[in-house]
Amino acid sequence: MAAISESVSGPHFDATLARYGIRALSRKSPATIQVNVGKLCNQTCHHCHVDAGPRRTEQMTRATAERVIEMLAASPRVGTLDITGGAPELNPNFAMLVERTRALGRKAIVRCNLTVTLEPGMEWLVEFYRRSGVELVCSLPCYTAENTDRQRGAGVFDKSIAALKQLNAVGFGRGELRLDLVYNPIGASLPPPQAALEEQYREELARNFGIVFDRLLTITNMPIARFANQLKTTGSHSAYMSLLVNHFNPATVDGLMCRSLVSVGWDGRLYDCDFNQMLEIPLGDRAISTIWDIEDVGGLAGARIATGSHCFGCTAGAGSSCGGAIA
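Small disclaimer: the values here were computed from a predicted structure and weren't measured. (Residues numbered from 1 in each chain as written. Predicted model: local features only at pLDDT ≥ 70, side-chain atom pairs only at ≥ 80, totals over all residues. Heavy atoms only, no water.)

**Details of the packing of aromatic side chains**
In plain terms, the rule: Here is the rule: rings of Phe, Tyr and Trp (six-membered ring for Trp) pair when centre to centre is within 6.5 Å. Planes less than 30 degrees apart are stacked, more than 60 are edge-to-face, and the remainder are tilted. A helix here means a DSSP run of H or I that spans at least four residues, while a strand means a run of E at least two residues long, and both kinds are numbered starting from the N terminus. Buried, partly exposed and exposed residues are distinguished by accessible area as a fraction of the type maximum, computed with a 1.4 Å probe on protein chains only: under 20%, between the cut-offs, and over 50%, respectively. A positively charged side chain is recorded as over a ring if its NZ (Lys) or CZ (Arg) lies within 6 Å of the ring centre. The angle to the ring normal must also be within 35 degrees.
Counting across every chain of the model gives 11 aromatic pairs. Where F157 meets F209, the ring centres are 5.7 Å apart and the plane angle is 65°; that geometry is what we call edge-to-face. In this pair, F157 sits in helix α6 (residues 156–169) while F209 sits in helix α7 (residues 194–209), placing the two residues 52 residues apart along the sequence. You can call F157 buried: its relative accessible area is 4%. F209 sits in the partly exposed class, given a relative accessible area of 27%. Taken together, the ring pairs in this structure connect F13, Y20, F248 and F312 into an aromatic cluster. The cationic tip of R202 hangs over the ring face of F213; the distance from NZ or CZ to the ring centre is 4.5 Å.

**Thoughts on the environment of M278**
Position of M278 among the secondary structure elements: in helix α10 (residues 274–279). M278 sits in the buried class, given a relative accessible area of 16%. Residues M278 and T144, spaced 134 residues apart in sequence, show a C-alpha to C-alpha distance of 30 Å.

**A word on helix α3 (residues 94–103)**
Helical geometry note: an α-helix holds 3.6 residues per turn, so side chains three or four residues apart project in the same direction. Basically, it comes down to this: When checking whether two residues touch, look at their non-hydrogen atoms; a contact exists if any pair is within 4.5 Å.
Taken as a whole, α3 has its buried residues at F94, M96, L97, V98 and T101. Of the surrounding secondary structure, the elements contacted by the buried residues of α3 are α2 (62–73), β2 (80–84), β3 (107–112) and α4 (125–132). Positioned one or two residues after α3, G105 has a phi angle of 80°, which is positive.

**Points about empty space enclosed by the protein**
Inclusion rule: A 1.4 Å probe that fits but cannot get out identifies a cavity on a 1 Å grid over protein atoms alone, an open set with protein on both sides within 12 Å along at least five of seven lines counts as a pocket, and a residue lines either if it has an atom within 4 Å of a point. Grid points are joined across faces, edges and corners, and a volume is the space filled by probe spheres set on the points. Amino acids outside the nonpolar list (Ala, Val, Leu, Ile, Met, Phe, Trp, Tyr, Cys, Pro) and the charged list (Asp, Glu, Lys, Arg) are all regarded as polar, and Gly is one of them.
A complete count under the given rule lists 2 cavities of 30 Å³ or more for this structure. Here the second largest cavity is characterised by a volume of approximately 100 Å³. Lining the second largest cavity we find 13 residues, and of these L256, C258, C273, C311 and C314 sit closest to its centre. The residue inventory of the lining of the second largest cavity, partitioned by class, reads 11 nonpolar, 2 polar and no charged.

**Quick look at unusual backbone geometry**
Cis rather than trans, the peptide bond between G85 and G86 has omega equal to 25°. With respect to the helices and strands, the residue G86 is situated in the loop between β2 and α3. One non-glycine residue, E280, lies in positive phi territory at about 55°. In this structure, E280 sits in the loop between α10 and α11 (312–315).

**Section: the pattern of salt bridges**
Selection rule: We define a salt bridge as a contact between a side-chain nitrogen of Lys or Arg and a carboxyl oxygen of Asp or Glu at a distance within 4 Å.
On inspection of all chains with the given rule, the structure shows 19 salt bridges. Residues R62 and E66 are paired through a salt bridge, measuring 3.2 Å at the closest nitrogen-oxygen approach. Here R62 pairs with E66, and both are found in helix α2, just 4 residues apart, close to one helical turn. Since its relative accessible area comes to 29%, E66 is described here as partly exposed. Notably, a salt bridge pairs R207 with E203, separated by 3.1 Å at the nearest N-O pair. Linking R207 with E203, this pair stays in helix α7, spanning 4 residues, or about one helical turn. Taking the relative accessible area as the measure of exposure, R207 reaches 52% and is therefore exposed. Three or more residues joined by partner-sharing salt bridges are found here, namely K28, D254 and R259.

Below, the structure written as structure tokens:
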């Protein structure tokens, strides 16, 4: 891969695509609707691109959640509703979104921080996950307590292990129900090779805790929101952006999540991806801006995707998406 020496102060991503002979990004027929139901979370993580936490008040209303389901029902080519937050389980409409998605015969993915299952009043969650047949994507930044607690807060690792044991006990990760784990680097670096790290996770978690899972997904920390502020505070923002730009990998472009996904904000606004949502960058097709402006999201096929310098985070090295490494 050729090094790129251009300044990263502006959105030069499209120019980089052109340099490699790649057309500006456009969407295929959407296969996934990813919905962020709010920024309320029981954790405050250093790398969080949502800037979520216990004091956030942004929450999707019942009317907006019901409209999401109407749009899903009207979009026959969309097979998955991907529910995220914050901790999505803390939204009062979470169970309704899952149940109605499954009633439509669609897949429901829940992005879970694990520790939410141990919060007071949330004892019902694990059984609800099992009964609903959701697919879980659970954050576990490392297989050691030191590194996990450093990123997510004191005591988070022990709680995460306790939650994983509960999930294994009801069938998750054992070939009955899907349980994927997510790794984010602790600092300003790219993730290591996904396959090798997965084997390391599998060995350490099985040997030390008897825990099993399906896949490990490696996701690059995006230089936005809380992580961007951390980079600027430590004086490493420019170096991190240069790392991302200089590791641009053209082989990742076709598999970018924005090509097959539509992102819905807690207030019903539409975006090309979850990262654009957090930066409040509207859809590339600006004629459509909210879930009330469209019935079948299949109508967004072929639309231009809005890009910026943060897009280098998804195309660096092996690439990064909601499904882990791309290339």
